[in-house]
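These are the residues of each chain, in order.
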Amino acid sequence: MFEPKVVCFVCKWCTSAGADLAGTSRLQYTPSGVNIRFMCSSRVDPEHIIWAFRQGADGVLIGGCHPGDCHYQDGNYKTQARVSLLKRVLVELGIDGDRLRLEWISAAEGKKFAEVMDEFTEELRSAGPLELAAREMAK
């Protein structure tokens, strides 16, 4: 059975702490993601996302503080605008925009982190492997 690979770019202050809470609470969720911590979701550059896909990720999750709660004032608003634009760019690169997901998960939402990981993994499992590297090699 296909098991998707998910790269998770997570905010240090909120989503990373939410993931830690899911772990310390011993919540069960699909272990398909690898978390990479950033000080703020706004520090995730589009190049990081494209790099993740080129390295074999089937999906990319960006997690940040809820709007209005960003430790850096408006970082998550910048992230939201950037992700909206990047989804359209990904389609031009032959990658379904739904393979990039943005979620607001606070430090107190360990259960939400686990649910998002399960849900996103299931969506990716249904979509099948990205196989971006195979398409690039065929060019």
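Quick note: structure is the one above.
Residues numbered from 1 in each chain as written. Predicted model: local features only at pLDDT ≥ 70, side-chain atom pairs only at ≥ 80, totals over all residues. Heavy atoms only, no water.

A. Broad picture of the overall build of the protein chain. Across its full length, the protein chain carries five helices and four strands. Put simply, the protein chain runs from its N terminus to its C terminus through helices and strands in the order β-α-β-α-β-α-β-α-α. A compact globule built from 139 residues would reach a C-alpha radius of gyration of about 14 Å, and the protein chain, at 15 Å, matches this within 12%. Overall, the C-alpha framework of the protein chain stretches about 45 × 35 × 20 Å when taken along its three principal axes. Every one of the 139 residues in the protein chain was classed for burial, and the buried ones make up 43%. (Helix = DSSP H or I, 4+ residues; strand = E, 2+ residues; numbered from the N terminus. Rg over C-alpha atoms; globule rule 2.2 N^0.38 Å. Buried < 20%, exposed > 50% of the residue type's maximum accessible area, 1.4 Å probe, protein only.)

B. Highlighting the nonpolar core. By size, the foremost hydrophobic cluster in this structure holds 17 residues, and its most contacted members are Phe9, Ile49, Phe53, Val60 and Leu100. Those elements that provide at least two residues to this core are β1 (6–11), α2 (46–54), β3 (59–64) and α3 (75–92). Within the second largest apolar cluster, twelve residues are counted, among which are Val6, Ala22, Ile105 and Val116. (Core = buried A, V, L, I, M, F, W, Y, C linked by side-chain atoms within 4.5 Å.)

C. Broad picture of the pattern of salt bridges. Under the defined criterion, the tally for this structure stands at seven salt bridges. For Glu103, the salt bridge is made with Arg101, and the minimal N-O distance between the two is 2.8 Å. Residue classification places Arg101 among the buried residues on the basis of a relative accessible area of 12%. Members of the salt-bridge network, linked through shared partners, are Arg101, Glu103, Glu119 and Glu123. (Salt bridge = Lys/Arg side-chain N within 4 Å of Asp/Glu carboxyl O.)

D. Examining the sheet that holds β3 more closely. Read across the open sheet, the four strands follow the order β2-β1-β3-β4; overall the sheet is parallel. Looking along the sheet, the strands with just one partner apiece sit at the ends: β2 (33–38) and β4 (100–104). Adjacent strand axes in the sheet meet at a mean angle of 20° when their direction is disregarded. Where β3 lies against β4, five bridges are found, and the strand directions are parallel. Within β4, the position partnered with Leu61 by the bridge is Arg101. Across the sheet, α3 touches β3 and β4, and the angle it forms with β4 is around 165°. Here helix α4 (residues 110–127) sits on the sheet and contacts β1, β2, β3 and β4; the angle it forms with β4, its principal contact strand, is near 165°. (Pairing = 2+ DSSP bridges. Axes fitted to C-alpha atoms, helices over the stretch in contact; angles between N-to-C directions. Contact = heavy atoms within 4.5 Å.)

E. Up close: the pairing of β4. Among the five residues in β4, four count as buried, and that is most of the element. After leaving β3, the chain enters α3 and then returns to the sheet as β4, a path that is right-handed. (Right-handed = clockwise from strand over helix to strand, strands pointing away.)

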